[in-house]
Amino acid sequence: VAMKYRLLGRSGLRVSELALGTMTFGEDWGWGAPLEESRRIFDAFTNAGGNFIDTACNYTEGTSEKYVGKLIASDRDYFVVATKYTLRPNQFQNMDPNRGGNARKNMIREVEASLQRLGSDYIDLLYLHMWDYTTPVEEIMRAADDLVRAGKILYFGMSDTPAYIMARANMYARCMGLSPVVATQVPYNLARRDPEREIMPMAREEDIAVTCWGLVMGGVLTGKYRSADTQTRYEKASKESMDIGDGVVSLAEEIGHSPAQIAVNWVRQQQSKAQVIPILGARTHAQMEENLGALDFELTSDQLEKIDSLIDFDPGFPRSFLHSDNVRNLVHGKTYDSLENHRF
């Protein structure tokens, strides 16, 4: 099945419906893939039609960006490369107080360093990697817009950032005529649905793309830890998560697809909540090929309901309160059977 493409949030940029995560490119952290295995993973993704590549300035101490640069060099303009700034490499943990964080100084420095490692004169999408709770939103948005105007980045996003900060950032951008936030990045899978509380409703309202990592929860949702040899590995996952993984494995056996493919497709098919783009991570070519098999099928509505029934997810206040039948009847009478297709 051919890869589909979609516009990235409120932009004209066309990206593949699945992104390639490259935190596994490089062995500097004691695990990951060497260059040739990274190339095989990359080739499998691009041969399937993928063009959206995700990395960061600190992934494997910069090796990830270097590998990505080598792999895209023959056709740089075809690829949409997203990278991130904020986190300092390990070798700078005790040096230079301005080396990390969201400030303009660190943003400019890390963009220049990323461009060198990527061997490119522009970055398609720059994410603020994590909210630092110190840098003013106005400073961040003005600095990002300066980089857009200079042609060094094309679009700006915010990863691992509270919903209210992104809403405030986009309001400021609209008022000042600056480049807006067009994408965010969050951990999201069928056992970890926290983004549905605030981030995804905000992203839907603001037309921000939601790129998602941790699709198989480190292997928990594939049943990996049920077959682990040691108790220590088993204890990495909660009993609830392990039980959910068992349910995924059971459905996989029933429908003839792998648990990883089911986990990927569950995320890929959450488009009613926001514009969702799963990020595929793999340490081996075989893992990437397996993940890409998710393109060959979609989960039926019955199968989605079966998966949803594995966890009792509570969106919390105010959504659970506002969506209760009693409150909806008080507000709307009985005129709405469902609020699912309405903004909230």
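Residues numbered from 1 in each chain as written. Predicted model: local features only at pLDDT ≥ 70, side-chain atom pairs only at ≥ 80, totals over all residues. Heavy atoms only, no water.

Engineer: Would you explain the side chain of arginine 268 in this entry?
Structural biologist: Tracing the chain through its elements places arginine 268 in helix α9 (residues 259-268). Engagement of the side chain of arginine 268 in a polar contact is seen with the side chain of asparagine 265, the distance being 2.8 Å. What arginine 268 contacts, discounting residues up to four positions off in sequence, is Glu17, Leu18, Pro278, Ala294, Leu295, Phe297 and Glu298. (Helix = DSSP H or I, 4+ residues; strand = E, 2+ residues; numbered from the N terminus. Polar contact = N/O pair within 3.5 Å; in protein donor to acceptor, adjacent residues only side chain to side chain. Contact = heavy atoms within 4.5 Å.)

Engineer: What's the story with the nonpolar core in this structure? I'm lost.
Structural biologist: In summary, soluble globular proteins display a tendency toward joint burial of nonpolar side chains. Counting residues in each nonpolar core, the largest one holds 75 residues, and the members touching the most others are Ile140, Met141, Phe156, Met158 and Leu292. Ranked by residues supplied to this core, first place goes to helix α4 (residues 137-149) with 6 residues. Once you skip the residues sitting within four places of it in the chain, isoleucine 140 turns out to touch Tyr85, Asn102, Met107, Leu128, Trp131, Thr135, Phe156 and Met158. Phe52, Val182, Ile277 and Ile279 belong to the second largest nonpolar core, which has 14 residues in total. (Core = buried A, V, L, I, M, F, W, Y, C linked by side-chain atoms within 4.5 Å. Buried < 20%, exposed > 50% of the residue type's maximum accessible area, 1.4 Å probe, protein only.)

Engineer: Looking at this structure, I do not really get the packing of aromatic side chains. What am I missing?
Structural biologist: Pairs of aromatic rings are described using the distance from one ring centre to the other and the angle between the two planes. Tallying each qualifying case throughout the model produces 6 aromatic pairs. Both rings, one in tryptophan 131 and one in tyrosine 133, keep their centres 6.4 Å apart while their planes meet at 70 degrees; by these two values the pair is edge-to-face. Summarising the aromatic geometry, the rings of tyrosine 188 and tryptophan 266 are spaced 5.4 Å apart at their centres and angled 45 degrees between planes, so their arrangement reads as tilted. Here tryptophan 266 lies in helix α9 and tyrosine 188 lies in the loop between β8 (181-187) and α6 (199-206), a separation of 78 residues in the sequence. Per residue, the accessibility class of tyrosine 188 equals that of tryptophan 266, and both read buried. (Phe/Tyr/Trp six-rings, centres within 6.5 Å; stacked < 30°, edge-to-face > 60°.)

Engineer: What is the right way to read the pairing of β8 from this model?
Structural biologist: Along any regular strand, the residues point their side chains to alternate faces of the sheet. For β8, a buried count of 7 out of 7 residues is recorded, marking the element as mostly surrounded by other parts of the structure. Of the pairings in the sheet, the one linking strand β7 (residues 153-159) to β8 comprises 4 bridges and is parallel in character. The residue of β8 that forms the bridge with glycine 157 is alanine 183. Regarding the hand of the β-α-β motif, the stretch spanning β7, helix α5 (residues 163-176) and β8 is right-handed. With 5 bridges joining them, β8 and strand β9 (residues 209-213) adopt parallel strand pairing. Residue pairing across strands places valine 186 opposite cysteine 212, the latter belonging to β9. Read as a crossover between parallel neighbours, the route from β8 over α6 to β9 is right-handed. (Pairing = 2+ DSSP bridges. Right-handed = clockwise from strand over helix to strand, strands pointing away.)

Engineer: In this structure, what is going on with unusual backbone geometry? I would like to understand it.
Structural biologist: With glycine set apart, most residues show a phi of negative sign, and most peptide bonds adopt trans. Going from phenylalanine 317 to proline 318, the amide bond is cis rather than trans, its omega being 10 degrees. Position of proline 318 among the secondary structure elements: in the loop between α11 (301-308) and α12 (319-322). Of note, the phi angle at tyrosine 133 is positive, near 60 degrees, even though the residue is not glycine. Residue tyrosine 133 is classed as exposed on the basis of its relative accessible area of 60%. One non-glycine residue, aspartate 207, lies in positive phi territory at about 60 degrees. In this structure, aspartate 207 sits in the loop between α6 and β9.

Engineer: What should I look at first to understand a nonpolar patch on the surface in this one?
Structural biologist: A contiguous nonpolar patch, built from Phe317, Phe321 and Leu322 and spanning about 350 Å² of accessible area, is present on the exposed surface. Within the fold, phenylalanine 317 resides in the loop between α11 and α12. (Patch = residues over 30% accessible without salt bridge, like charges linked within 9 Å, V, L, I, M, F, W, Y side chains within 5 Å. Areas by Shrake-Rupley, 256 points an atom, 1.4 Å probe, with all protein chains shown as cover. Salt bridge = Lys/Arg side-chain N within 4 Å of Asp/Glu carboxyl O.)

Engineer: What's the story with the sheet that holds strand β4 (residues 52-54) in this structure? I'm lost.
Structural biologist: Strand order in the closed barrel formed by 8 strands is β3-β4-β5-β6-β7-β8-β9-β10, with parallel pairing between adjacent strands. Each strand axis lies, on average, 30 degrees off the axis of its neighbour in the sheet, ignoring direction. Sheet analysis places strand β5 (residues 80-85) next to strand β6 (residues 123-128), joined by 4 bridges and oriented parallel. When the sheet's bridge partners are listed, threonine 83 is paired in β6 with leucine 126. α9 contacts β9 and β10 (276-280) of the sheet and is inclined by roughly 155 degrees relative to β10. (Axes fitted to C-alpha atoms, helices over the stretch in contact; angles between N-to-C directions.)

Engineer: For this particular structure, what's the right way to read the environment of serine 238?
Structural biologist: Here serine 238 shows up in the loop between α7 (231-234) and α8 (239-255). In this structure serine 238 comes out as partly exposed when scored by relative accessible area, which is 37%.

Engineer: How should α11 be read in this particular structure?
Structural biologist: Count 3.6 residues to each turn of an α-helix, and residues three or four apart come out pointing the same way. For α11, the complete set of buried residues consists of Gln303, Leu304 and Ile307. All buried residues of α11 lie within an arc of 100 degrees about the axis, which places them on one face of the element. The outward face of α11, more than 90 degrees from its buried face, is lined by the exposed residues Ser301, Asp302 and Glu305. Each element contacted by the buried residues of α11 is listed here: α8 and α9. (Arc of directions from axis to C-beta.)

Engineer: In this structure, what is going on with the environment of alanine 73? I would like to understand it.
Structural biologist: Along the polypeptide, alanine 73 turns up in the loop between α2 (63-72) and β5. With 45 residues separating them in the primary sequence, alanine 73 and leucine 118 have C-alpha atoms 8.6 Å apart.

Engineer: I tried to follow the environment of glycine 219 on my own but got confused; where do I start?
Structural biologist: Position of glycine 219 relative to the elements: it lies in the loop between β9 and α7. Note: C-alpha distance between glycine 219 and glycine 245 (26 residues apart in sequence) is 8.8 Å. Not counting chain neighbours up to four residues away, the residues in contact with glycine 219 comprise Lys224 and Tyr225.

The values reported here are purely geometric and, on their own, carry no functional implication.
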